[in-house]
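# Architecture and fold: a report
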Amino acid sequence: MDVFDTPTPELQTMPLGLYDLVTYSIVAAGFALFAYFLYSWTSRGEIGVRYRPAVLAGLCIAAVATLSYLVLFIRWDTGFTLTDGVFTPNAEAARATIYPRYVDWTVTVPLLTAELLAVCSLAGARARNLRFSTMAAAFLMILTGFLGSQVLAEGRDRTALVVWGLISTAFYAYLYVALIGAVRSSMSSMSVEAGRSLRNAAIVLLGTFGVYPLVYAVPVFVDVTPAWLTGMQVAYSAADVLAKVGFGVLVHKVAKMRTAEDVAAGIDTHPESVWVSNVHHSEGVLPAMAGGRTQFADNTVDDAPEFADHPRHPHEHHEVEHLREHGLGDGRVPAGGARHGATRTADDRH
Amino acid sequence: MDVFDTPTPELQTMPLGLYDLVTYSIVAAGFALFAYFLYSWTSRGEIGVRYRPAVLAGLCIAAVATLSYLVLFIRWDTGFTLTDGVFTPNAEAARATIYPRYVDWTVTVPLLTAELLAVCSLAGARARNLRFSTMAAAFLMILTGFLGSQVLAEGRDRTALVVWGLISTAFYAYLYVALIGAVRSSMSSMSVEAGRSLRNAAIVLLGTFGVYPLVYAVPVFVDVTPAWLTGMQVAYSAADVLAKVGFGVLVHKVAKMRTAEDVAAGIDTHPESVWVSNVHHSEGVLPAMAGGRTQFADNTVDDAPEFADHPRHPHEHHEVEHLREHGLGDGRVPAGGARHGATRTADDRH
Amino acid sequence: MDVFDTPTPELQTMPLGLYDLVTYSIVAAGFALFAYFLYSWTSRGEIGVRYRPAVLAGLCIAAVATLSYLVLFIRWDTGFTLTDGVFTPNAEAARATIYPRYVDWTVTVPLLTAELLAVCSLAGARARNLRFSTMAAAFLMILTGFLGSQVLAEGRDRTALVVWGLISTAFYAYLYVALIGAVRSSMSSMSVEAGRSLRNAAIVLLGTFGVYPLVYAVPVFVDVTPAWLTGMQVAYSAADVLAKVGFGVLVHKVAKMRTAEDVAAGIDTHPESVWVSNVHHSEGVLPAMAGGRTQFADNTVDDAPEFADHPRHPHEHHEVEHLREHGLGDGRVPAGGARHGATRTADDRH
Amino acid sequence: MDVFDTPTPELQTMPLGLYDLVTYSIVAAGFALFAYFLYSWTSRGEIGVRYRPAVLAGLCIAAVATLSYLVLFIRWDTGFTLTDGVFTPNAEAARATIYPRYVDWTVTVPLLTAELLAVCSLAGARARNLRFSTMAAAFLMILTGFLGSQVLAEGRDRTALVVWGLISTAFYAYLYVALIGAVRSSMSSMSVEAGRSLRNAAIVLLGTFGVYPLVYAVPVFVDVTPAWLTGMQVAYSAADVLAKVGFGVLVHKVAKMRTAEDVAAGIDTHPESVWVSNVHHSEGVLPAMAGGRTQFADNTVDDAPEFADHPRHPHEHHEVEHLREHGLGDGRVPAGGARHGATRTADDRH
Amino acid sequence: MDVFDTPTPELQTMPLGLYDLVTYSIVAAGFALFAYFLYSWTSRGEIGVRYRPAVLAGLCIAAVATLSYLVLFIRWDTGFTLTDGVFTPNAEAARATIYPRYVDWTVTVPLLTAELLAVCSLAGARARNLRFSTMAAAFLMILTGFLGSQVLAEGRDRTALVVWGLISTAFYAYLYVALIGAVRSSMSSMSVEAGRSLRNAAIVLLGTFGVYPLVYAVPVFVDVTPAWLTGMQVAYSAADVLAKVGFGVLVHKVAKMRTAEDVAAGIDTHPESVWVSNVHHSEGVLPAMAGGRTQFADNTVDDAPEFADHPRHPHEHHEVEHLREHGLGDGRVPAGGARHGATRTADDRH
């Protein structure tokens, strides 16, 4: 079935109220993404290097999405002219008020899966493989959606919309299964509180992913009116804020808690203490100093080399080595009992 | 009652002097917000990680508000044309010289409540819940105000103005009560000087919040003239500077003093000394070094694990743990006697 | 007396040479301010936290002024059209080639007084009060100047120019007296070299402040010609560079030397050594480590609490406390003999 | 043979679908490069100073390429007008939608060779010479390609296209041989995993370099149609992302692993631990403290000078000195057994 | 002699090839300067604070020059219109395609002399005086050149060109002599390798300075044609890249080597090791800790004050003090034997 005889969804003559509401939702979403970008940038040092890729992914996502909303705003602002009390579209600019979103998603959705995986517990080759396959699936999910809804017949052919929508959905299904699996298998290696936040983050991400196909399907089922277009733009903007900022704040919390757990367990050092919602999770710990013992001890055997070559807790290190060399098991790194969080006693250690 | 028969408030023909005064107030407010953004950015390291969310919220607020003033300036600058010695409005651009403020507030007012709460003493679940409810109330306060004054009937319907204004005021009332409560219950856990600044910050914030409904109500009571429009723009600009920069500077001071109190009380470390108005509040203290004791002591029992897992002052840590696990009391973390500030003696410690 | 019958000073038909000279002076001043902004940003870590507010003020000043010159440049560039070998003004843009300067000054002149006071020795309440009153006076000095020369009768009424100019001058007089007093009383608490630079900084600042009223008075005494306008723009640009960059470089030097003096006197720590013009002023000193003594010493009395709560040199700390609590004397913090600079001997320490 | 009788390749009348696809590929590539720029910027501290030039080169490459894609996007966006359902080119802007790429490559391709060499093991004069000659060859490869395809006869003369294409290819051949040689001779001095990533990085770089001459040759063999132009733009965009982002991520990994190997081998210090894909590669190690031994040891001979003047492992230092002074061998610095990675035992050290 | 009867040099009708070549040279130079700016910014921490002013000067130079090239690009791009296969100039914009360079040079050339002097060995008053006089001479050299070639008679009067050219040359001659002298007298106080790079940097700087008067003189001797204008623009761009980026990279290397020499000689601390072209020059060294000895040593005499007030090597410090107080000799700070670089033995120290 063909929709060529109805106007392009983007080219609506907008009454003032709805036009302002779309402007509002685009600019507010852009501001929220920009604020989140600044927050990720300035707080990235609060996360240990082990989980920092999660924050850096969030930061890149926020920056790209902010730019994308800037482009959207300019298109929306210049795409309509106020005449006789309504905003009438200008074909060239106004038709480009939805598809810039696909360009944003092409880069940010793969990064969102990387952000989630960076606070899971998969390690080594298994982590690399899953990261690659989910990023590729996310990229293809967006690309096929873009081809179906925008490029082929300009999104006016219902058959193309449906066929490419289904292809896109197949990639979504893979993502769904793969990410849920990764999150499930990771929760046992962290504290209960961190695990709960990780689960919530996954729910927010995969849940909001469900909004996009719904909006995508709107032109399949209805003739787009100004109110529908307003709804589509507001829904996309809200979903973007939820899936990027809301999800990002939860991942940030997981990363911060896991940093504290690593420090408390002696697995890693971090120069700042960790506080979450005004609760103290770990002390700051400086790394050891080069050639430390030689300098300060007089009569001891110089065992500095052992110290420099190995982490402080050899058996944990061996686990890591073991995993790295044999890739056995499910690729998860046991977090050395860190699941007990900062409350574990000294007895847990050996 | 209907105001459709009077011109839109924003579409005034402005004489040169008033036009320049509005330009001046918009650009000066934008410059002040930008300077405050730079200050927050470059001085954020002076605040310990515990209170740093306050500064990061301030930084995001300043950045978003600066951008918003840039948009306002461009609208104002391009929205009027000098003809025959007066500035005549251009309908499309000039009508957008007030409502961009609502977009700014949608993001910044929730962050302002988060900024205030980040230097209060609530902790754990109670802090999270209050933060969520006040941020939601702040968001709804702005959104309903926006719908009433701008979207519905373009703010030209007095009934809508009043009804939505009252709904918005209800959220304001909740904010007022909740924030006052949080500040009151926090003041006892910090030094007198920090507490006084915290109280002042709350007064500035909630006080200037009162300016906005007054300006909002102007079109309800009077026919807007160029002088009224000038007054509205100048009042909004001054209130924004006061509520963001003035408030932010006070919160920054509270955060700095509480950082010093934590360091002096041994609750936290901070690599730089803290000075406020040229008065010394605390020394810089580095975190302990990984595996510290093992390295330097020859004959002592290796009790490093105990050290790594617990903060230096176990009884304080237990209080925190206690709160975290049972959530009892009012959720405030006792600051370990920090209310005495840097002048407390060693006897306070045990 | 009225000047309405002569053309507005800004609306001159400029010959090529003079037009290019004004462009040159605006852009060169903008570049110099931008370079100084980058320098302040990248070298702020060289200053200890005690004096860092001076550098941060300088940084904000430079950024705001750079933006202001960008606006000026755009106005100047678009405000004139090359026709028949001369640049003819376009009323709307060209009339806005001087008053943006007032917006800049509204924010930067109060910050300049804060910058100067931040390297003086006043402390506590006295510092806060003087900072507040001088910043307010500076703000009012600019605001009244702006009202008189630009807003009221568009600066074309000689009586208004004179009256408001005199009001503005009264604030300048207060600034002059208050800042000179603060600098005088501070010089004895720092080394001779730092004191000399502080005095020079005050001379540069208050001296260049004298240029502005002279330029402000030009339209009172002469009919502005293209050459006069060129002179006004070049003079304003040169004065801005001198009062912001020249002054800022001197304050930066004072702040750096005082940092070195504090480190050398043991009052503060600073992780980098301090060099001024290739001369070594102090070593880098790291802060002490948390729980230091407990960790390393076996048999000593644990006096760590005393150490953690007090600065290393109790008598100096007591002076500070004394000042803070009683606010007596003139509010200056004695710098613990730091006036001898790095050359003081161990005997000064007691 | 002359192609002047066919239209310029860039000046195609584009149907909507193909036009959107080119916009998509330009903007998506720009976003990916921008995200990679942010990632390089924020993660550069994870790489030790020894290999940091690689990350800094990657960062500069990403920034320049992002700007270049911004220019391309503006040209492409303004270069075509939607008329009668197709995008018709505007001669001045549309003709500049390919050659900005050459300006980008002029700066980025020499930096790409520097990026690769910075993680190889050549040192001293040999490294400097090879870096200089490969950067010069890369510069000339692009310059001659630009002259042939754009400047001379505007790329419409097939003979010029072929002759200059061959000259350009000669420089490519040199690059190919020189870089392959450097990578081959370096792989033995690092761990197997790092070496494999280095090899992959070289394959990605030199492989994608092969795409450019293919696209360059298109106008030699076919009359460019809208589909061909779309293909050229998409291919260039994809190749740029692969050669800059894909290559950069691999080099980043090599640099991170080699940093860990240096720390584990005691050759260098790094204040953060190193984790790659959630696997722990090295502990954080602080540098020694100035005058360390004098301060803490009571009865030992003060051999601090020896320590301060020499690296901890004199024989390794001597190798370096040796190389520096005599430039013998192949210029590679033996990495002190680092090829065994973090798993080497203390026995390797002496 | 008068050149008013020939067209202004900037207002040439450009054929496509030459126009593209100028665009290419302007944008490529801008990209190179921007990349160098990012490199200076991100690598400034590799240089010790003593020589850091050199890198900060380079960073400011790069930023200002990048902006200047952005202005040039916009002028060039908008200054010509493609009509009938050639680019015809638009008088207002096209005439401003050379003189923005003078604005850039007004700020950057004085900074270039400061950059060079910052890695020389002059110290104290002598350094300050020479820095001031060379920066002033550089400023006047550019200002007089600008007046002669652009302002007076718009550069169309050959007599003015020659007279002001000669005045400008006099300042150049002073710069030449003063800088050569400073470099010559400094080379003996650093390692041979650093000295050689310093000499090369001076040659590059003063050599490329010679290109500018040659281009300046072009309109004196020839009637400017499109090819001559292309040559002038390409030559200016190439000279700018050489004098700013090429020179800056050499100065960066000198600063890095001298940092390593200071650390190796115990004159300064630096938290990172120093590597140049993969060759190790010095270890990272942390500063001493506050109150170090008191804390860690039990039975020793507390000589901490001596330590805190003086650098570790009192005789070196006394030399510095001596110089600072008496200003005798030639103002050079003896670098404590650092001229032997990292290879000096412990015996050099006493």
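What you see is a predicted model, and the numbers here were worked out from it, not measured in a lab. (Residues numbered from 1 in each chain as written. Chains lettered and ligands numbered in written order. Predicted model: local features only at pLDDT ≥ 70, side-chain atom pairs only at ≥ 80, totals over all residues. Heavy atoms only, no water.)

In this section: the overall build of chain A. Scanning chain A from terminus to terminus reveals 12 helices and 7 strands. Here chain A holds 350 residues, and 62% of them are scored as buried. Considering only contacts in chain A between residues 6 or more positions apart, those separated by 24 or more positions represent 74%. Element-wise, carbon and sulfur atoms account for 66% of the exposed surface of chain A, whose accessible area totals about 12,200 Å². (Helix = DSSP H or I, 4+ residues; strand = E, 2+ residues; numbered from the N terminus. Buried < 20%, exposed > 50% of the residue type's maximum accessible area, 1.4 Å probe, protein only. Contact = heavy atoms within 4.5 Å. Areas by Shrake-Rupley, 256 points an atom, 1.4 Å probe, with all protein chains shown as cover.)

This next bit is on helix 4 (residues 100-118) of chain E. All names here are of chain E. Look at helix 4: 27 Å from first C-alpha to last across 19 residues, which is about the 27 Å you get at 1.5 Å a residue. Bending of helix 4 peaks at approximately 35° at the position of Thr-106, with proline Pro-110 no more than four residues after it. Most of helix 4 is tucked away, with 19 of its 19 residues classed as buried. (Expected span 1.5 Å × (residues − 1). Bend = angle between axes of the 7 residues up to and from the residue.)

This next bit is on the sheet that holds strand 1 (residues 14-15) of chain B. All names here are of chain B. Reading across the sheet, the 3 strands line up as 1-3-2 and stay open at both edges, with antiparallel pairing between neighbours. Both outer strands of the open sheet, strand 1 and strand 2 (80-83), are each paired with one neighbouring strand and no more. Judged from the 4 bridges that link them, strand 2 and strand 3 (residues 86-89) form a sheet pairing that is antiparallel. When the sheet's bridge partners are listed, Thr-83 is paired in strand 3 with Val-86. (Pairing = 2+ DSSP bridges.)

All right, on to the confidence of the model for chain A then. Averaged over chain A, the pLDDT score is 82; the fraction of residues at 70 or greater is 80%. For this predicted complex, the interface score ipTM comes out at 0.84, alongside a pTM of 0.87. (pLDDT = per-residue confidence, 0-100.)

As a further point, take the pairing of strand 2 (residues 80-83) of chain C. Taking every second residue as pointing to the same face, the buried face of strand 2 of chain C carries Phe-80 and Leu-82 of chain C, while none of Thr-81 and Thr-83 of chain C on the other face is buried. Following strand 2 of chain C, the chain reverses through 2 residues before pairing antiparallel with strand 3 (residues 86-89) of chain C; Asp-84 of chain C in that reversal takes a positive phi of roughly 55°.

A few words on the side chain of Arg-44 of chain B. You can see Arg-44 of chain B is positioned in the loop between helix 1 (16-43) and helix 2 (52-78). This buried residue, Arg-44 of chain B, is left without a salt bridge; Glu-46 of chain A holds the nearest opposite charge, at 8.0 Å. Among the polar contacts listed, one links the side chain of Arg-44 of chain B to the backbone oxygen of Trp-41 of chain B, at a separation of 2.9 Å. (Lys, Arg positive; Asp, Glu negative; His and termini not counted. Salt bridge = Lys/Arg side-chain N within 4 Å of Asp/Glu carboxyl O. Polar contact = N/O pair within 3.5 Å; in protein donor to acceptor, adjacent residues only side chain to side chain.)

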